[in-house]
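Breakdown of the fold
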Amino acid sequence: MTDRFAAALDSIDPRSRLSAERRSADLAALAEDPAVDLLVIGGGVTGTGVALDAASRGLSVALVEKHDLAFGTSRWSSKLVHGGLRYLASGAVGIAHESAVERDALIRVIAPHLTRPLAQVVPLLRDVSAFDATLTRVGFLAGDALRRFAGTPSSELARSRRISASEVIRMAPTVKRTGLRGGLLNWDGQLTDDARLTVGIARTAAAHGARILTQCSASQVTGTAATVTDELPGTSRAIRARAVINATGVWAGTVDPAVSLRPSRGTHLVFRQETFGGLTAGLTVPVPNSFGRYVFALPQPDGRVYVGLTDEEADGPLPDVPAASAGEIDFLLETVSLALDTPLQRGDIAGTFAGLRPLLDSGAGQTADVSRKHAVLTRGDGLVTVVGGKLTTYRRMAEDAVDAAVATSGLLTGESVTRTLPLVGAAGRERLRAVDAPERLVRAYGTEAPAVVALGEADPRLAEPVAEGTEITGAELVFGALVEGALSSADLVERRTRLALIPEVGAAATAAADSALRAQ
């Protein structure tokens, strides 16, 4: 790292920095003393959440991830912090309440910089009957009650209400005008990005002493040990642990064959904002003849809109990167177009992405009917596996998994503190508004945004966008390499910045990503 970059990063807590240098030092330390209190396998949102929960309780922790942070399902969500409204529709009141409580923690304490309120509007068109509109309104009122029970003030998430046709059009300019008789407005939480949340959790865990090791796979896993292979040179070493937690999501069965999962694929389409005329709210379209299911068009940073999502059985071998099927693409186009003046075409699509939900096999008829409640399973030798759940409830999943590992291993530690533990970059809304950096950067980096600005000032070329069609700068790529643990250009364009969600933009930014890695 050059001296000018080092000076730009002076404000960043060195303990929270993840880099190739930090990774090498942590691997060397484990080679010297290959024993920890807890070994975590999997670097998604749940695995990093486990590492943070355990490290913040004072345990020594090593996390190993075969690929990169947020490589799997954790980067393929709708980027929503759900309050559990959908679960109310199916009668799962407990899961709904848990979601609302965890949403409150995320948006008010854990990551206010990465979360914000998102208006969601259901346009009342001709094909929405008065009865269906009433049911939806009742559901929104129940969601208001959940918010109040969770302690979330209306200043963070406003109450739902009926709105006029003109208000619907203002929020969703391309909505169908014919027969529009107003809309129903609800508020939920939205993430700047799910992969950024995962990286933030991992860095916070590192600040508490956890060793975060990407490009490291685990094999021969038991409740007290595993063989860990550094995938870069291909060298292996045995790691001993008082407890081991399997947080590998849809791959949990490859670590513990006794775990039976029923993966479900959720697909999204990526559009440029101009296709939706400047969408500012989540356009919510009921799926015909399917009570409680919706397709959403969700405005995103960097001039994008995501349309999703599906719930399809994912049979066969598990791919590292799932792909959208032709049927899912057609379903999403057709359903969202029911609410638009001009139907969307395949040529309007700028990209697609799909993720696999790690659902525990309950024998339900369709994956849409399988419970989203998480499960913590303890094998006879003490190996703990955590599966199911939702991104919003990652913290509670991690807490339960660590509790199980502590109970099984006899480790001495206190209760979880992550409910009130802010992530790196987090601060209250008022302080975030005072951060001396562009709002776009504050929403991604919080109080650390000035360090990204400083990198651009250290080298003005880094202050420029890395490709046409994006605002992402070279400074953000350098920050990803020096602070956020990116080891390859794919790590930078696919997960630290999400440039690759529009393939041509990601391809155009690859040279800048390669240059950023050389800053190490």
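Computed from a predicted model, the values in this text were never measured in an experiment. (Residues numbered from 1 in each chain as written. Predicted model: local features only at pLDDT ≥ 70, side-chain atom pairs only at ≥ 80, totals over all residues. Heavy atoms only, no water.)

The helix and strand tally for the chain stands at 18 helices and 18 strands. Here the C-alpha radius of gyration of the chain, 22 Å, is about what a compact globule of 520 residues would show, namely 24 Å. Along the first, second and third principal axes, the C-alpha atoms of the chain reach 70 × 55 × 40 Å. Out of the 520 residues belonging to the chain, those deemed buried represent 58%. Here the contacts in the chain between residues at least 6 apart in sequence split such that 71% fall between residues at least 24 apart. With the model as given, the accessible surface of the chain reaches about 19,900 Å², and the carbon-plus-sulfur share is 52%. One finds the centroid of the 54 positive side-chain charges in the chain at a distance of 5 Å from the centroid of its 59 negative side-chain charges. (Helix = DSSP H or I, 4+ residues; strand = E, 2+ residues; numbered from the N terminus. Rg over C-alpha atoms; globule rule 2.2 N^0.38 Å. Buried < 20%, exposed > 50% of the residue type's maximum accessible area, 1.4 Å probe, protein only. Contact = heavy atoms within 4.5 Å. Areas by Shrake-Rupley, 256 points an atom, 1.4 Å probe, with all protein chains shown as cover. Lys, Arg positive; Asp, Glu negative; His and termini not counted. Charge placed at Lys NZ, Arg CZ, Asp CG, Glu CD.)

So, on to the packing of helix α16 (residues 489–496) against helix α18 (residues 510–517). Put simply, α16 and α18 touch, their axes get as near as 8 Å, and they point 120° apart. Classified by the interaxial angle, the pair formed by α16 and α18 is oblique. The crossing of α16 and α18 is right-handed. Residues Ser 489, Leu 492 and Val 493 of α16 touch α18, and the partners they reach there are Thr 510, Ala 513, Asp 514, Ala 516 and Leu 517. (Axes fitted to C-alpha atoms, helices over the stretch in contact; angles between N-to-C directions. Parallel < 35°, antiparallel > 145°, perpendicular 65-115°, else oblique. Left-handed = near helix turned anticlockwise from the far one by under 90°.)

Leu 309 follows Gly 308 through a cis peptide bond whose omega is 5°. Of note, Leu 309 is situated in the loop between β14 (304–308) and β15 (312–313). You will see that Gln 220, though not glycine, has its phi angle at about 50°, which is positive. Tracing the backbone shows Gln 220 in the loop between β8 (216–219) and β9 (225–230). Judged by its relative accessible area of 63%, Gln 220 is exposed.

Here the focus is the packing of helix α5 (residues 93–110) against helix α6 (residues 130–150). Two numbers describe how α5 lies on α6: the axes approach to 9 Å, and their chain directions differ by 55°. As far as their axial angle goes, α6 and α5 are oblique. With respect to the hand of their crossing, α5 and α6 are arranged in right-handed fashion. Between α5 and α6, the residues in contact are Ala 96, His 97, Ala 100, Val 101, Arg 103 and Asp 104 and Leu 146, Arg 147, Phe 149 and Ala 150, respectively. Grouping the constituent residues of the contact of α5 with α6 by class yields 6 nonpolar, 1 polar and 3 charged. (Nonpolar A, V, L, I, M, F, W, Y, C, P; charged D, E, K, R; others polar.)

This is a description of form; function is not addressed.
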